[in-house]
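Each chain, written out:
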Amino acid sequence: MGLFTKVEDRPTPSNVYNWRVYLYSAVIGSAAVMIGYDSAFIGTTIALPSFKNEFSFGKLSTSQVNLLSANIVSCYQAGAFFGALFAYAAAYSLGRIRGLAVFSAIFVLGSGLMLAANGARGLGPIYAGRVLAGIGVGGCSNLAPIYISEIAPPAIRGRLVAMFEMGWQVGGLVGFWINYGININMPKNPNGWLIPFAVQLIPSGLLLVGCLLVKESPRWLMTKGKRPQAIKNLCFIRNLPEDDLYIKEELYAIDENIERQMAAGGLGFWQPFKLLASSRSIQWRFFLGGSLFFWQNTSGINAINYYSPTVFKSIGITGTNTSLFTTGLFGVVKTVFTMVYLIFLIDQYGRRKLLMIGAIGGGACLWYVGGYIAVANPAKHATAGGQLSSGGISAVFFFYLWTAFYSPTWNPTPWVLNSEMFDQNVRTLAQAFAAANNWFWNFLVARFTPQMFQTMGYGVYFFFASLMFLGAAFVYFLIPETKNIPLEAVDRLFDRKLKASQAHRIVWAELEQEEEALRAGLESGSVEKEAVMQVEEV
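Since we're looking at a predicted model, the values are computed, not measured.

A short note on the overall build of the chain
Helix and strand content of the chain: 23 helices and zero strands. Projected onto the principal axes, the alpha-carbon positions of the chain cover approximately 80 × 45 × 40 Å. Here the chain, with 538 residues, has 58% of them falling under the buried criterion. Residue pairs at least 24 apart in sequence account for 82% of intrachain contacts in the chain once pairs closer than 6 positions are excluded. Entry remark: accessible area of the chain is about 20,600 Å², with carbon and sulfur atoms responsible for 65%.

Here's the deal with helix H11 (residues 227–238)
Taking 1.5 Å per residue as the helical rise, H11 with its twelve residues ought to reach 16 Å, and the 16 Å between its terminal C-alpha atoms agrees with that figure. Among all positions of H11, only Ala230, Ile231, Asn233, Leu234, Cys235, Ile237 and Arg238 are buried. Residues of H11 that are buried in the fold lie against helix H1 (19–29), helix H6 (124–151), helix H10 (218–223) and helix H12 (245–263). The positive-phi residue at the C-terminal boundary of H11 is asparagine 239, with phi of around 60°.

Re the packing of aromatic side chains
Scanning the model with the defined rule gives 42 aromatic pairs in all. An angle of 85° between the planes, with centres 5.0 Å apart, marks the rings of tyrosine 476 and phenylalanine 477 as edge-to-face. The structure contains a cluster of three or more aromatic residues connected by ring pairs, namely Phe81, Phe82, Phe86, Trp284, Phe287, Phe294, Trp295, Phe440, Trp441 and Phe474.

A few points about the side chain of serine 217
For serine 217, the position within the fold is in the loop between helix H9 (201–210) and H10. Among the polar contacts listed, one links the side chain of serine 217 to the side chain of glutamate 150, at a separation of 2.6 Å. The contact partners of serine 217, leaving out residues within four places of it in the chain, are Arg96, Tyr147 and Glu150.

So, the packing of H6 against helix H7 (residues 157–185)
Packing of H6 against H7 leaves a shortest axis separation of 9 Å and a crossing angle of 155°. Classed by the angle they form, the pair H6 and H7 counts as roughly antiparallel. Pair H6 / H7 crosses with right-handed handedness. Between H6, through Cys140, Ser141, Ala144, Pro145, Ile148 and Ser149, and H7, the contact on the second element is made entirely by Arg157, Leu160, Val161 and Phe164. Looking at the contact of H6 with H7 residue by residue, the class counts come to seven nonpolar, two polar and one charged.

Quick look at the side chain of aspartate 38
Mapped onto the elements of the fold, aspartate 38 is located in helix H2 (residues 31–45). With relative accessibility at 0%, the residue aspartate 38 sits in the buried group. Residues contacting aspartate 38, with those up to four places away along its chain left out, are Tyr76, Phe107, Arg130, Ala133 and Gln200.

Brief notes about the pattern of salt bridges
In this structure the tally under the stated criterion is ten salt bridges. One salt bridge connects glutamate 250 with arginine 238, and the closest N-O pair in it is separated by 2.9 Å. Here glutamate 250 is found in helix H12, whereas its partner arginine 238 is found in helix H11, with twelve residues between them in sequence. Each member of the pair, glutamate 250 as well as arginine 238, is classed as buried. Of the charged contacts, one joins glutamate 514 and arginine 492 as a salt bridge, the two residues approaching to 2.7 Å between their closest N and O atoms.

Focus on the nonpolar core
One finds Phe51 and Ile126 to be the most contacted residues of the largest nonpolar core, which totals 68 residues. Among the secondary structure elements, those contributing two or more residues to this core are H1, H2, helix H4 (62–94), helix H5 (96–114), H6, H7, helix H19 (413–420) and helix H20 (424–456). No other element matches the ten residues that H6 contributes to this core. If near-sequence neighbours (up to four positions away) are discounted, isoleucine 126 is found in contact with Phe51, Phe55, Ile72, Met114, Ala117, Trp193 and Phe197. Judged by nonpolar contacts, the second largest core, of 63 residues, contains Leu275, Trp284, Tyr406 and Tyr461.

Some points on the packing of H2 against H7
The interhelical angle for the contact between H2 and H7, taken along N-to-C directions, is 25°, at an axis separation of 6 Å. Between H2 and H7, the interaxial angle falls into the category roughly parallel. The way H2 lies across H7 gives a crossing that is right-handed. From H2, Ala32, Val33, Ile35, Gly36, Tyr37, Ser39, Ala40, Phe41, Thr44 and Thr45 reach across to H7, where they touch Phe164, Gly167, Trp168, Gly171, Gly172, Val174, Gly175, Phe176, Ile178 and Asn179.

Here's the deal with the environment of alanine 303
Relative to the helices and strands, alanine 303 resides in helix H15 (residues 301–315). When the C-alpha atoms of alanine 303 and valine 460 are compared, they prove to be 9.8 Å apart, with 157 residues separating the residues in sequence.

Here's the deal with the state of the cysteines
Scanning the model with the defined rule gives zero disulfides in all. Free cysteine cysteine 140: the closest other cysteine sulfur is in cysteine 211, separated by 7.5 Å. Here cysteine 140 falls in the buried class, since its relative accessible area comes to 0%.

Parameters at a glance
Residues numbered from 1 in each chain as written. Predicted model: local features only at pLDDT ≥ 70, side-chain atom pairs only at ≥ 80, totals over all residues. Heavy atoms only, no water. Helix = DSSP H or I, 4+ residues; strand = E, 2+ residues; numbered from the N terminus. Buried < 20%, exposed > 50% of the residue type's maximum accessible area, 1.4 Å probe, protein only. Contact = heavy atoms within 4.5 Å. Areas by Shrake-Rupley, 256 points an atom, 1.4 Å probe, with all protein chains shown as cover. Expected span 1.5 Å × (residues − 1). Phe/Tyr/Trp six-rings, centres within 6.5 Å; stacked < 30°, edge-to-face > 60°. Polar contact = N/O pair within 3.5 Å; in protein donor to acceptor, adjacent residues only side chain to side chain. Axes fitted to C-alpha atoms, helices over the stretch in contact; angles between N-to-C directions. Parallel < 35°, antiparallel > 145°, perpendicular 65-115°, else oblique. Left-handed = near helix turned anticlockwise from the far one by under 90°. Nonpolar A, V, L, I, M, F, W, Y, C, P; charged D, E, K, R; others polar. Salt bridge = Lys/Arg side-chain N within 4 Å of Asp/Glu carboxyl O. Core = buried A, V, L, I, M, F, W, Y, C linked by side-chain atoms within 4.5 Å. Disulfide = S-S within 2.5 Å.

None of the figures reported here should be taken as evidence of function without further support.
Here you go:
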């Protein structure tokens, strides 16, 4: 099987893989540009001399600066946690697209508020603005992956959802480099720190405009009883007429899923909560989905994203420009390897293998970096002129190698898995829970990383490395492969009677047999009549 071979769940017309589905996924995936930028720019912005001078950091002790930095960074994650939860109500009542528009508008408001901060007013507007921006980001991180997974053909679903992660890395790349450019070209400008804050308005404004161009999810419209509009949108996105066999099959699967939801108690706002409370199977999947973000965040990624100057200083890299350049290069490596993931890996090699490879390889790299710092203690044995020793160069190499392991594996895959591992009846609530988990663990890492480096030193690297190894074991024993499985059949993979390592093979074989029977029924017309009768009864 070649790198670009599509593994299809059923015979699929080439029209299905059209520019519309890619364009819509890219537009909605661009929500992650503002998330990535906001995650990346703040750590290097508070390290700018102009920011430190504006808010008199030079008059504060190291512990006070660490506390202020942690508060500035972490109030964003606190807002995102609640934004992810609020997104459930928005998705239920407004839909995926209008919900995204509302949260992008909240982000715009928060970004504008941050620009009101200065030395006289203090950091209050930045705190308030970052909370609002966090709410916007939390909502978008919930809704964007859901929308993409619901419009994506199964054979390229992983690739399309990964566009969300690609947007995250593009935003992060700009966020990492913007302050290097400011420090090089505007070193004496006292207002230079305002530029990276103002740039936040660009991606959020573009997403707001993009939401006007994108059609609503057909699956959401079907749950709201808007069947004619749902069929119209589905045909447009698939670039197929309503009477095409592929459209009939997809509508049949959606109708059957809604029929199961109605039999289970209906489509009301509180129904997913009732199902969660009563079903051990759904509770188990919620635990798995949320746990993936625990393992992702305890890999050390957000310690580096938010406090990269501190991380590189621990390896022995000194000087503001050198630190910012090294951070920018970190962003380049992340973006390049995420692109490799998007194009070559996700729908060819699946989710499980990538997660295990990334955890084992990344953990080994962090053990090396921590071991070097423990032995060489570069902070106390700086070389002449601030140049890295040969050991320091090797540590930087293994740090970038860790980035190469992490970026195409743990960075995007938890988002892909959570967008596809739940039934329609709980998908929005599940994604809200998963996104809230991401921001909760993100908050803890962001809030306590400065204190961890201050008290644990090289032990921070050993801590994250050990958790990466444990994450590999978690995936091997508990996470089944989900690639190419239709959304309406994913729940079978999580049957507790099936081993995670065997579930995909067993379910895929079942689906092949059912597809033959369904196609024969649709071609004869018997299944279509039965489906129409069921919908009329509902």
